Amino acid sequence: MSGIRIKELSKSFGNFQALRNLTLDLEDGQLLALLGPSGCGKSTTLQMLAGFEMPTSGEIWTGDRLLSSPTSVIPPEKRGASLVFQNYAVWPHMTVADNVAFGLKVKRLSRNDVREGTMAALNAVRLGPLADRYPSEMSGGQQQRIALARALAVQPEILLLDEPLSNLDAALRDEMRFEIRRVHDEMGITTVYVTHDQSEALVTADRIAVMKDGELQQFDSPTEVFERPKNEFVAGFIGKNNIVPGVSAGKSAIRIGDRVIRGQDTNDVSEGGGAILAIRPTKTRLHDGNSLPAGLENGLPATVIRSAYLGETRDILAELTTGTTMRVMVPPEQQPAPGDQVMLELPADQCRIMAKG
Ligand code: ATP
């Protein structure tokens with residue numbers, strides 16, 4: 001088995017550039033999530049990985065094998081890749097086992113090898129006991145597992161998943177996320193997973209490529225992407241973040257209204273340039289009154305606008321003197337009321353400061 005190397009990959013449809021200079025390396029056995037909003041170029045990238053589309057420029061390699069370039073594309077059936085689509089497309093007139101066996105029969109394996117390969121794939125997705133059922137007798141989640149087993153049965157070098165869970169209801173989607181990760185851990189197949197759902201990416205992936213408008217925004221581990229977003233788009237797209245505009249006040253500092261807040265710089269913002277501060281509602285603290293308790297720093301005065309009791313936490317919306325609103329999750333014992341003057345404490349190690357836009 002081998003990893004995947006994508007080098008300066010671009011794709012245009014007529015005058016429209018759907019993907020721009022994508023470069024990334026995926027190690028053997030890793031699971032990569034291509035994550036981004038609709039139209040960011042995820043499926044176009046997957047289609048090129050599968051061999052259905054030819055790059056306009058750039059290359060895709062696996063090990064020392066060139067899979068795609070503008071002059072040569074190894075066809076889908078010769079790539080050793082399996083694909084699972086969102087409409088899992090299992091064959092209704094075949095039993096579960098026959099659905100999964102199909103790819104092995106096409107390979108002309110012996111009857112015994114087909115049976116063993118089928119059962120191994122079904123057991124991997126925990127459908128072994130249901131091998132003789134028909135898809136119509138199974139739930140959406142189970143049907144998606146059949147599609148996954150069918151893809152795994154042929155022992156692909158690369159597994160490509162295109163929004164595989166988007167047709168499932170929320171509860172099944174939750175369960176299948178863990179299932180996909182578990183199967184991946186068991187089989188160790190290099191996998192590329194397309195999704196617009198950040199929690200799917202966080203749960204399943206070793207590496208996440210966050211994309212927007214055909215461009216890679218950040219390529220990192222889930223923790224890095226969540227805790228250290230590299231730009232405003234990633235900060236706003238992954239999880240809930242307060243994005244507070246201000247002006248750079250030199251290295252690792254931002255001026256918001258008449259206050260200077262210190263944090264972690266993500267990239268160089270020249271002093272006086274437009275900057276933003278990103279901090280999660282769960283990391284922001286709220287103190288009564290007009291000043292922070294002694295010894296604390298990085299405070300912004302604010303007025304409470306809304307206070308909503310959520311059981312385990314209270315969700316506060318507060319307005320800064322600059323007019324920007326911030327969400328703060330506080331313990332339920334804290335009960336600020338609308339109209340109260342409060343101080344929001346922004347711990348420096350939780351503040352990411354970056355260029356605006
Ligand atoms: P979604 O989550 O909606 O599937 P995506 O991130 O997968 O979005 P792509 O399907 O890769 O996005 O499309 C990227 C852009 O390229 C879109 O603006 C799309 O309209 C355009 N595009 C994709 N395929 C073609 C095509 N065959 N011809 C013209 N434009 C295309």
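Treat the numbers as computed from the prediction; the structure is a model and nothing was measured.

K.L.:
Before we move on, could you go through the overall build of the chain and cite the residues and values that matter?
P.N.:
Tallying secondary structure elements over the chain gives 8 helices and 21 strands in all. Here the C-alpha coordinates of the chain stretch approximately 80 × 50 × 35 Å along the principal axes. Taking all 357 residues of the chain together, the buried fraction comes to 50%. Excluding contacts between residues fewer than 6 apart, the proportion of contacts in the chain whose partners are at least 24 apart in sequence is 65%. Of the side chains in the chain, 38 bear a positive and 44 a negative charge, and the two mean positions are spaced by 3 Å.

K.L.:
I'd like a rundown of the sheet that holds strand 13 (residues 259-262), residues and numbers included.
P.N.:
The 6 strands lie next to each other as 13-12-11-15-21-14, forming an open sheet whose pairing is mixed. On the outer flanks of this sheet lie strand 13 and strand 14 (264-265), each paired with one strand and no other. In this structure, strand 12 (residues 253-256) lies alongside strand 13, joined through 4 bridges in antiparallel fashion. The residue of strand 13 that forms the bridge with A253 is R262.

K.L.:
Describe empty space enclosed by the protein, and please don't skip the residues or the numbers.
P.N.:
According to the stated counting rule, one finds 3 cavities of 30 Å³ or more in the structure shown. In this structure, the largest cavity is lined by L31, L148, L152, L159, I180, V183, H184, M187, G188, I189 and T191. For the lining of the largest cavity, the secondary structure elements donating two or more residues are helix 4 (140-153) and helix 5 (170-187). No other element matches the 4 residues that helix 5 contributes to the lining of the largest cavity. A breakdown of the residues in the lining of the largest cavity according to their chemical character gives 8 nonpolar, 3 polar and no charged.

K.L.:
An account of the packing of aromatic side chains is requested, with residue identities and associated values reported.
P.N.:
Aromatic ring pairs: the centre-centre distance and the angle between the two ring planes describe each pair. Going through the model one piece at a time under the given rule, you end up with 2 aromatic pairs. Above the ring of F219, the side-chain terminus of R207 is found at 4.6 Å from the ring centroid. R280 extends its terminal NZ or CZ atom over the ring of F226, reaching a point 3.7 Å from the ring centre.

K.L.:
Describe the pairing of strand 1 (residues 4-13), and please don't skip the residues or the numbers.
P.N.:
Here strand 1 pairs with strand 2 (residues 16-26) via 7 bridges, running antiparallel. Residue pairing for strand 2: S12 is matched across the bridge by Q17. Hairpin geometry of strand 1 and strand 2 is characterised by an intervening segment of 2 residues between the two adjacent antiparallel strands and by a positive phi of about 60 degrees at G14. Judged from the 4 bridges that link them, strand 1 and strand 4 (residues 57-62) form a sheet pairing that is antiparallel. Within the sheet, the bridge partner assigned to K7 lies in strand 4 and is E59.

K.L.:
Explain the sheet that holds strand 1 residue by residue, including any values.
P.N.:
With respect to topology, 4 strands assemble into an open sheet ordered 2-1-4-5, the strand pairing being antiparallel. Strands with a single pairing partner mark the edges of an open sheet, and in this sheet they are strand 2 and strand 5 (65-68). Ignoring which end each strand starts from, the neighbouring axes of this sheet average 30 degrees apart. Of the strands in this sheet, strand 1, strand 2, strand 4 and strand 5 are in contact with helix 1 (residues 42-50), which crosses strand 1 at around 120 degrees.

K.L.:
Could you give an account of the environment of T95, with specific residues and numbers?
P.N.:
Within the secondary structure layout, T95 lies in the loop between strand 6 (81-84) and helix 2 (96-106). The buried category is assigned to T95, whose relative accessible area is 12%. In this structure the C-alpha to C-alpha distance between T95 and R133, which are 38 residues apart in sequence, comes to 5.4 Å. Apart from residues lying up to four places away in sequence, T95 is in contact with A131, D132, R133 and Y134.

K.L.:
Quick rundown of the domain arrangement of the chain? Include the residues and the values.
P.N.:
Looking at the chain, the domain boundaries give domain 1 (4-227) and domain 2 (240-355). Put simply, the middle of domain 1 and the middle of domain 2, counted by C-alpha atoms, are 40 Å apart.

K.L.:
An account of the site of the ligand is needed here, citing residue identities and associated values.
P.N.:
Lining the immediate environment of the ligand, one finds F13, F16, A18, P37, S38, G39, C40, G41, K42, S43, T44 and E163. Residue S38 places a side-chain N or O atom 2.5 Å away from an oxygen atom belonging to the ligand. T44 places a polar side-chain atom, nitrogen or oxygen, 2.5 Å from an oxygen atom of the ligand. When the ligand sits alone it has 630 Å² of accessible area, and the protein chains cover 58% of it. When contributions to the shell around the ligand are tallied by element, the ones reaching two or more residues are strand 2 and helix 1. No other element matches the 3 residues that helix 1 contributes to the shell around the ligand. Each residue belonging to the shell around the ligand can be placed in one class, and the counts come to 5 nonpolar, 5 polar and 2 charged.

Conventions adopted
- Residues numbered from 1 in each chain as written.
- Predicted model: local features only at pLDDT ≥ 70, side-chain atom pairs only at ≥ 80, totals over all residues.
- Heavy atoms only, no water.
- Helix = DSSP H or I, 4+ residues; strand = E, 2+ residues; numbered from the N terminus.
- Buried < 20%, exposed > 50% of the residue type's maximum accessible area, 1.4 Å probe, protein only.
- Contact = heavy atoms within 4.5 Å.
- Lys, Arg positive; Asp, Glu negative; His and termini not counted.
- Charge placed at Lys NZ, Arg CZ, Asp CG, Glu CD.
- Pairing = 2+ DSSP bridges.
- 1 Å grid on protein atoms, 1.4 Å probe; cavity = no way out; pocket = protein on both sides within 12 Å on 5 of 7 lines; lining within 4 Å.
- Points joined across faces, edges and corners; volume = space filled by probe spheres on them.
- Nonpolar A, V, L, I, M, F, W, Y, C, P; charged D, E, K, R; others polar.
- Phe/Tyr/Trp six-rings, centres within 6.5 Å; stacked < 30°, edge-to-face > 60°.
- Lys NZ or Arg CZ within 6 Å of the ring centre and 35° of its normal.
- Axes fitted to C-alpha atoms, helices over the stretch in contact; angles between N-to-C directions.
- Domains from an automatic or database assignment.
- Near = heavy atom within 4 Å.
- Polar contact = N/O pair within 3.5 Å; in protein donor to acceptor, adjacent residues only side chain to side chain.
- Areas by Shrake-Rupley, 256 points an atom, 1.4 Å probe, with all protein chains shown as cover.

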